[in-house]
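# Architecture at a glance
As a plain string of letters, each chain reads:
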Amino acid sequence: AVSHESLHKVLLKRYNMEDTMPFERKVLLPHSKATINLTCHDVLSQSIDLLSDPRIAEGDYLFFNDDPREGPPKEWLKVADINTGRAYRKTYEELIAPEPVTKDGRIKVLAPYLLYLDGCVTGQFNNLTIEILKFTIGVLNSECRDKDWVWKNIGYCQKVLKQQSQAKQLIGTSQHADAPNYVPDPNYRQYNAPQSVDDTPNFDPNLYVESSDDEDEDNNQPKRRKGRPKVPAMVAQDLHKMLQVLLSSYKDIEKDGFLWDLQYKEELLKCLMVPFIIFVKCDGAEGDKLSGQYGPKTKNVKNLCRYCVCPNAESDKPYI
């Protein structure tokens, strides 16, 4: 008899799916100060697995005049699928139109990535929710994208409460005999992920100070400018840090693209897929987190969102 673990390994190798398996990264969250094991997938491997799916038929592709070499027409009579929108057309004019074919003869194909972020409840209580980040590629039409198997996982965002993470740190550093029974060691797992994660912030860190100790004089360091603000702490930083790590593998392929040989209409086309994120599908809760809007909508909140200058207490007076 063959165990299911051995059979699983054999099938993964046979169908070339070893690189699509999830891996974990140890991530320190900036707001809650918690160290978590973040489950990720490699976006390039997931993309190849999607494009090579045998269930995709020729009628599922979204190309102008049924030809991957064709670009958007100059005149637009109506808006239909995602390739007729302004985001697609402007990106095509910038990334593809100046040089539609590479120096080695590969066809540049614009590949819009559609991201999907939504939360699901895994238990009875609110702190057992998990947010899954998925994607699909816009070279497939809307009818094909409505199918579940077309959406591939990138990773899973966790909900971490600052109070819980601080409590675990206190218990873990207390040197109590029973502390290991309640707080697991974050290093107890095997991490098979590549170590090239770009954790560079999307802002200039020199504009901020981490704490008051950073402004102390040091003979070996250049003199810091006084009066700089601290990095603002907010709950959304934890989610954005998770997304930064999850999308690090996508960032690699967005920079240089990836090679793909497309068998289309009895012709093998040598393509260079040029990815870009066209939009993120999400509901109101995830949209507020992604855009940095205020989460609660209660009367004690000063403003309803980060753009609104009308106080919440006067938001029911539209004529003032």
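This write-up is about the structure you can find in this document. Just so we're clear, the structure is a prediction, and the values are computed from it rather than from any experiment.

## Some words on the overall build of the protein chain
- From N to C terminus, the protein chain includes nine helices and seven strands.
- Across the 320 residues that make up the protein chain, the buried fraction comes to 34%.
- Across the protein chain, contacts joining residues at least 24 apart in sequence account for 58% of those joining residues at least 6 apart.

## Brief notes about helix α2 (residues 43–51)
- Most of α2 sits out of view: seven of its nine residues are buried.
- Turning to α2, its buried residues number three or more, namely Val43, Ser45, Gln46, Ser47, Asp49, Leu50 and Leu51.
- If you follow the buried residues of α2, they end up packed against β3 (107–121), β4 (129–137), β5 (152–158), α8 (248–256) and β6 (258–264).

## Some thoughts on the pairing of strand β1 (residues 23–28)
- Two elements, β1 and strand β2 (residues 35–40), share six bridges in a ladder whose sense is antiparallel. Its bridge partner lying in β2, Phe23 is registered against Cys40.
- Connecting β1 to the antiparallel partner β2 that follows it, the hairpin turn spans six residues, and Lys33 within it adopts a positive phi of roughly 60°.

## Regarding the nonpolar core
- Core analysis: the largest hydrophobic core is formed by 55 residues, its most contacted members being Leu38, Tyr113, Ile137, Val139, Leu140, Leu246 and Met273.
- Take this core: its biggest share by element is eight residues, from β3.
- In this structure, Ile137 is in contact with Ser47, Leu50, Leu51, Ala111, Pro112, Tyr113, Leu114 and Arg145, ignoring residues within four places of it in sequence.

## Quick look at the packing of aromatic side chains
- Inspection of the entire model under this criterion finds seven aromatic pairs.
- The interplanar angle of 55° and the centroid separation of 5.3 Å between the aromatic rings of Tyr113 and Tyr250 together place this pair among those described as tilted. Pair noted here: Tyr113 is in strand β3 and Tyr250 is in helix α8, with a separation of 137 residues, a long-range link. Both residues of the pair, Tyr113 and Tyr250, belong to the buried class.
- Here a set of aromatic residues connected by ring pairs shows up, and it is made of Tyr61, Phe63 and Tyr264.

Criteria and thresholds
Along each chain, numbering runs from 1 in the same order as the chain's sequence is written. It should be noted that, the model being predicted, local features are given only for residues of pLDDT at least 70 and side-chain atom pairs only at 80 or more, the latter also being counted only at that level, while totals for whole chains, interfaces and linings use all residues. Excluding hydrogens and water, the side-chain figures rest on all heavy atoms present in the structure. Strands here mean DSSP runs of E at least two residues long; helices mean DSSP runs of H or I at least four residues long; both are numbered from the N terminus. Accessible area is worked out with a 1.4 Å probe on protein chains only. A residue is then buried under 20% of its type maximum, exposed over 50%, and partly exposed in between. A contact between two residues is defined here by any heavy atoms of the two lying within 4.5 Å. If DSSP finds at least two bridges between two strands, the strands pair. Definition used in this section: a nonpolar core is a set of buried Ala, Val, Leu, Ile, Met, Phe, Trp, Tyr and Cys residues joined via side-chain atoms within 4.5 Å. Two aromatic rings from Phe, Tyr or Trp, using only the six-membered ring of Trp, form a pair when their centres are within 6.5 Å; if the ring planes differ by under 30 degrees the pair is stacked, by over 60 it is edge-to-face, and anything between is tilted.

As far as function goes, none of this settles anything; it's purely spatial.
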